[in-house]
Amino acid sequence: MHSSPRALPLRSSRLCNHPLAAALMAAGLLVSAHAAETPQRAPTAATDIRTYDIAPAPLAQALNRYAAEAGVVLAFDAAQLAGLTSRRLTGRFDVPGGFAALLAGTPLEAVPSSSGGYLVRSRVQPAAPAPAPDLAVDKALSPSPAGVLPLVSIVGTQPANVNTLDRTLLRGLATLNGDFTSQLKLNPHVQFDESQLSSATGGEIAPAEISIHGAKPYQNEILLDGMSLMNDLDPGNKITPTRVDMVPGASQAQAIDSSLLCEVTVRDSNVSAEFGRFTGGVVDAKLCSARKRLGGSVAMGYTSSAWTHVFIDPARREAFEDSSTADLQPNYRKRNYRATVEARPTADWGLLVSAARRTSDIPLRAFTTANDGTSAPREITQTRTQDMLMAKADYTPAGGTHKGDLTLVYAPSNNTYFKEDYRDSEYTIRTGGLSLSGRWESAYDNLRLTQQLTHSRNEQSRRSDTDYYRSWRWSTDKNWGDPSVSNAASGEGSWGDVDQFLATTGYSLKATLRPLQLAAATNRVTTGFELRRQNADYERLSVNRYYSTVRDLPTTGAMSRCQFADGSLDSEACSATPTINKTVGQYFGRLQTYTTGRFEAQAESGALFVEDNIGWQPFSLRVGLRADSDTLTKKTNLAPRTQLNWLPTEAVALDVGLSRYYGRNLFAYVLQEKINTLQTTQTRTGTLTWGTATQAKPLNRLESLKTPHDDEVSTGLTLEPAWLGGALSLRFTHREGKDQVVKRLVTKQTDCNGNQCYIYTNDGRSTTKDWALSWASAAAAKTGPVVTRTWVAISKSDVRANAAGYEDPFGSTQLEDAIIQYDGRFMRYSERPADNYNRPWTLRIGAVSTVPSRQLTVTNLLRLRGAYQQVLRSGTTTYEGATVDVYARTPLPRAFGIDTVILWEPRIRADQRLSLKLTIENLTNHRNTMTVSNTFASYERGRSVAVEAGVDF
């Protein structure tokens, strides 16, 4: 259990003298020395009126949250606040007014201190308990017992910790590509794809793929204002230059710019029964609402390969610099633009509209050789483009029974590629789409109802410049290839147009009942349900012809001139010009035609959950049950969620939880069963007339599937003595992944192409053991003019799995969990460590330092990742008379990096600020090894710099 962070005592110098905090403030923050010499002034924020959104919490925690958002330093005696709990606060306040609202009804007040901050003290003349002006008392759920403040109406957020990023951290943590999943590096349970920071592909801007507790990236649930951002089409299929029928995808259906978010929370263990459709974790992102009466911002950013130190193995340097493939990107330029307008014409209504664009230009050679004599362009610039338009309207009347919001997000992405050594081969991968949400919350006497209606339409499609694909032998007629290489060829064409769309409509209702007192126990019951309908379709929009098997033309006759019997010419698949080193022309002997066609798949799903939080001091027990059902699997799954908490003292909390999480099945399993049936094959030999077309059979087959699930045991200890300055949390999580979907090749299948089929089965499984120790400062520490918040987390992880994902073939070794030799020891295949998302341990230290008098904020994140064990198959050996595979362990060194963001926001005039942001990833330019092969090593990017400039008004 994560108990609420304790407030800093008045005598807080012990925290400032703490060696770790002192080291961070002295070495990690690097704020202006001149600022330290500047006398502290009285708070200028007192006249800065803002809209606040503070959650119900212990009073100390609520005050800390408010002070952080207001940008002021706060000091108080924790003993004075013991036992007091704030409730829901909303509205527009200046700094003193906000403190007065939070402290209304208590014998306390907040007054300016001589050091420039605020001090909470006993009132000189205590005021009678009453709500503050503009503060609405919400009596819907329960009366205020002794020691509890009146209920103040709004929906709020949790204080920033390693599981929660508030707006300050979202603005301060480094993300060169603008995505919020890259900013989850502070979380000890989140691991990243090892290739995310690759030095070879710095031009990419796709959101980071993450794993939580060893689960596959596509088995997380990422929410945006309650709308799922996950790709349920085909997220595991990646760029493959030889697949005509498939379109690559990613785990996130839409790329969301983190500048539009106000909070991101990661739920990685003991997750409430309210959440489903995941086996990893839940990432819950909240879009900002309008806060200003009328205002906005504009900004532009830039970075490039010239601002990045690239580490490339000398054995790969020449291939990198002369690259003709997206796997090696020596040059790139990234730009981003965003604009926001917001308005609150009244305190009840607000509207925020924002637009953002992020682009990357990646110039590459078109050919693998210099090819100076080619008639085709020698350089092609690949592009990556992400657009986002967001509009959010909210209705939040103070003291009203109802409130709600409407959200629109349109986030398409377009990425262009080409096939090296081919002309006219450009194609565009189109992803993303539209999401709509309407949410309505009603607070009645005995319950609170939250309803949400959502609709989304996302795509995973392709557009090509041509509808043919062929590779000629080089000739003076087909002369754009390089004739100096062996087997000289001139390729042309691409793979045609394919559309994949997924439309999802959903409705959810959640009811939180008024607390019920039964004897010494308090029961807080929450229940609800979800309904979802999804329609997926795959459509090939144009006929695509794939020519192969080049043959020599005869020396004489009509065929030697590419003439059909009727005298017409075969200009598509025949050339009479002699090919290189030969005296005759050429023609293609094989034609695969991908015809137009469309397939649909529909699924309806529902979920019902109920959860009771039972409290009886010093224990609390959360018992929940979630039932999920869908028409894809035709099964109903029950997922119990239980957590027991014990608070033996105010400073100690222990918890243990048992949970089951069911993931979701993807439409790829259904659609891929039919895609290959759009293909026909014809051949010809010694004639230009094509033979009879043979209809292809399926390559994949879907049989009865279960829904993958994880069983979790999690236990935690939280210590929060006043002298620690924040909560110290130790957590152990054990996950057993079962029924994971894999793709297995089965032979002797007469209904499949070539009598063999890939069949999706539930033979995948995994085991994960994670330890995490984290600490977050309960309040900002003040050293001279510098105010600092600090986070520390260290994690140890052990992930073992028998399959990488549903997109990788699952062989007999994996199916039978055969004996192998790994690192000199014989073991089952499933016992070998996972070779991605599996750093054995990681230390994270984060600090945000602010100099309010200089409008300067510096954010640092240090990550030290443990030595990584790369697993490579290296041969065979004999075990008990049988031949078994040998896997070698290739140790990779520790990885170290510091990411720094410097944000300066000087005030231009009363209502305008300049915003200058400098981002530096891998500040120390440390060379971190990712992988090692027999020929070269791959590295992460070195020091990378990006700038952004804008104006807030």
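Before going into details, it helps to say that this report is about the structure given with it. Keep in mind that what you see is a predicted model, and the values were worked out from it rather than measured.

**Comments concerning the state of the cysteines**
Here is step 1 of the chain: Per the stated rule, a full pass over the model turns up 3 disulfides.
Here is step 2 of the chain: Here Cys562 is linked by a disulfide to Cys574, with a sulfur-sulfur distance of 2.0 Å. Disulfide Cys562 to Cys574: torsion about the S-S bond roughly -75°, handedness left-handed. Of the two residues, Cys562 is situated in the loop between strand 28 (544–552) and strand 29 (574–575) and Cys574 in strand 29; the sequence distance between them amounts to 12 residues. Residue Cys562 shares its accessibility class with Cys574, and that shared class is buried.
Here is step 3 of the chain: Note on cysteine connectivity: Cys752 is disulfide-linked to Cys757, with sulfurs 1.7 Å apart. Around the S-S axis, the bridge from Cys752 to Cys757 shows a dihedral of about -95° and counts as left-handed.
Here is step 4 of the chain: Relative accessible area serves as the criterion here: at 0%, Cys757 is assigned to the buried category.
Here is step 5 of the chain: Once the disulfide-bonded cysteines of the protein chain are ranked by sequence position, their pairing pattern turns out to be 1-2, 3-4, 5-6.

**Some thoughts on the packing of aromatic side chains**
Here is step 1 of the chain: Tallied over the entire structure, the rule returns 21 aromatic pairs.
Here is step 2 of the chain: Here the aromatic rings of Tyr417 and Tyr427 are separated by 5.7 Å at their centres, their planes lie at 25°, and the arrangement is stacked. Highlighted residues: Tyr417 in strand 19 (residues 402–417) and Tyr427 in strand 21 (residues 427–443), separated in sequence by 10 residues. Both residues of the pair, Tyr417 and Tyr427, belong to the buried class.
Here is step 3 of the chain: Considering the side-chain rings of Tyr469 and Tyr546, the 4.7 Å spacing of their centres and the 85° angle between planes classify their relative orientation as edge-to-face. Residue Tyr469 is located in strand 23 (residues 468–473), and its partner Tyr546 is located in strand 28; the two are separated by 77 residues in the primary sequence.
Here is step 4 of the chain: In this structure an aromatic cluster arises from ring pairing among Tyr417, Tyr422, Tyr427, Tyr469, Trp495 and Tyr546.
Here is step 5 of the chain: In this arrangement the basic side chain of Arg423 is found over the ring face of Trp480, its NZ or CZ atom lying 3.6 Å from the centre.
Here is step 6 of the chain: Between the NZ or CZ atom of Arg457 and the centre of the ring of Phe501, over which it lies, the distance is 4.0 Å.

Conventions used here
Residues numbered from 1 in each chain as written. Predicted model: local features only at pLDDT ≥ 70, side-chain atom pairs only at ≥ 80, totals over all residues. Heavy atoms only, no water. Disulfide = S-S within 2.5 Å. Helix = DSSP H or I, 4+ residues; strand = E, 2+ residues; numbered from the N terminus. Buried < 20%, exposed > 50% of the residue type's maximum accessible area, 1.4 Å probe, protein only. Phe/Tyr/Trp six-rings, centres within 6.5 Å; stacked < 30°, edge-to-face > 60°. Lys NZ or Arg CZ within 6 Å of the ring centre and 35° of its normal.

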